[in-house]
Amino acid sequence: MAPSFGMFSRAPRKSPAERTVTLVGKPGCHLCDDAQAVIERICAETGASWEKKDITEDAELHRKYWEQIPVILVDGAQHDFWRVDPKRLRAALGA
C-alpha cells in the first residue's frame, strides 16, 4: 500500500487577523499592565484581536494560572507568562 501523504499535510496557516491573543491577569498587577501594552501594540500592528480575562473572576483560570500571571494565550493555547516578547508574539501570530 502506498503511503498517504495527505494525512501529514499541515492545516493552512491562519493569518494574524484570524488569531486571538488573550491576556489572563488581575487588576493592580504591574506585569499585567506591561504585558497589555505590548499585546495592544502587536495586535494593532498585525490585525490580530485580543481580549483580557480577570483571573479573580474565573475559578478555573485562577486554579490553572495563579502563579504565572500575566499569562498570554494565542488562540486558547498558552504562549507565554510573566513577560511578553514582542518578536515571539509576532512570530506566533504569523506576522
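Residues numbered from 1 in each chain as written. Predicted model: local features only at pLDDT ≥ 70, side-chain atom pairs only at ≥ 80, totals over all residues. Heavy atoms only, no water.

## Some points on the pattern of salt bridges
Inspection of every chain in the model, using the stated rule, returns six salt bridges. One salt bridge in this structure joins Glu-45 and Arg-41, with 3.7 Å as the shortest N-O distance. With Glu-45 and Arg-41 both in helix α1 (residues 30-46) and four residues apart, the pair spans about one turn of that helix. For Arg-88, the salt bridge is made with Asp-80, and the minimal N-O distance between the two is 2.8 Å. A single network of salt bridges, built from pairs that share partners, joins Lys-14, Arg-19 and Asp-75. (Salt bridge = Lys/Arg side-chain N within 4 Å of Asp/Glu carboxyl O. Helix = DSSP H or I, 4+ residues; strand = E, 2+ residues; numbered from the N terminus.)

## Some words on the pairing of strand β1 (residues 20-25)
Summarising burial for β1: five of the six residues are buried, a large majority. As defined by bridge partners, β1 adjoins strand β2 (residues 49-54) across six bridges and the pair is classed as parallel. If you follow Thr-22 over to β2, its bridge partner there is Glu-51. On the question of chirality, the crossover connecting β1 to the parallel β2 by way of α1 is right-handed. Of the strand pairs in this sheet, β1 and strand β3 (residues 71-74) are connected by four bridges, and their pairing is antiparallel. (Buried < 20%, exposed > 50% of the residue type's maximum accessible area, 1.4 Å probe, protein only. Pairing = 2+ DSSP bridges. Right-handed = clockwise from strand over helix to strand, strands pointing away.)

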